[in-house]
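Overview (structure and organization)
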Amino acid sequence: MLSTLVSGSSYSPAKNRVFVYEVTGLKQSGENDKNNYAFRKSGSVFIQVPYARMNEEMQRINRMGGKIINISPLVISEGASGDSEE
């Protein structure tokens, strides 16, 4: 439901959008070990990122040696919330 994403009276649809990053090639390093990041050894990792944190997340992925394959908006269908209007 849209109202669960809105906090306060300064609602902006752009600020509340979430994007999915498809990332490959993440590597562990001494810097990452102290941050307790979760890693996969192969395949793609999918990370959900709010619009406001996109730049910060790109920098974090770059520091971990990852390559962003795709960025797409997260689409939530109307029936996905489990709410039924009866």
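In this text the structure is predicted, and so the values were computed from the model without any measurement. (Residues numbered from 1 in each chain as written. Predicted model: local features only at pLDDT ≥ 70, side-chain atom pairs only at ≥ 80, totals over all residues. Heavy atoms only, no water.)

Our next topic: the nonpolar core. Proteins that are soluble and globular tend to have nonpolar side chains buried together. One finds Phe 19, Tyr 21, Val 23, Leu 26, Val 45, Ile 47, Val 49, Met 54, Ile 61 and Met 64 forming the largest nonpolar core, which totals ten residues. For Met 54, the residues in contact, after removing those within four places along its chain, are Phe 19, Tyr 21, Val 49 and Ile 71. (Core = buried A, V, L, I, M, F, W, Y, C linked by side-chain atoms within 4.5 Å. Buried < 20%, exposed > 50% of the residue type's maximum accessible area, 1.4 Å probe, protein only. Contact = heavy atoms within 4.5 Å.)

What follows covers the sheet that holds strand E2 (residues 45-50). Here three strands make up an open sheet; going across it, the order is E2-E1-E3 and the pairing antiparallel. Each edge of the open sheet carries a strand with a single partner, namely E2 and strand E3 (67-73). The sheet shows a mean angle of 25 degrees between the axes of neighbouring strands, direction not considered. Note that strand E1 (residues 18-24) and E3 share six bridges and pair antiparallel. Note on E3: the bridge partner recorded for Glu 22 is Asn 70. (Pairing = 2+ DSSP bridges. Helix = DSSP H or I, 4+ residues; strand = E, 2+ residues; numbered from the N terminus. Axes fitted to C-alpha atoms, helices over the stretch in contact; angles between N-to-C directions.)

For the rest of this paragraph, the subject is helix H2 (residues 54-63). Where H2 is concerned, the buried positions are Met 54, Glu 57, Arg 60 and Ile 61. Down the axis, H2 shows its buried residues gathered within 120 degrees of arc, on one side only. The exposed residues of H2 that point more than 90 degrees off its buried face are Asn 55, Asn 62 and Arg 63. Its buried side turned inward, H2 meets E1, E2 and E3. Within two residues after H2, Gly 65 carries a phi angle of roughly 80 degrees, on the positive side. (Arc of directions from axis to C-beta.)

Structurally, Met 64 can be placed in the loop between H2 and E3. Along the primary structure Met 64 and Leu 26 are separated by 38 residues, whereas in three dimensions their C-alpha atoms are 5.6 Å apart.

Purely geometric numbers; function is a separate question.
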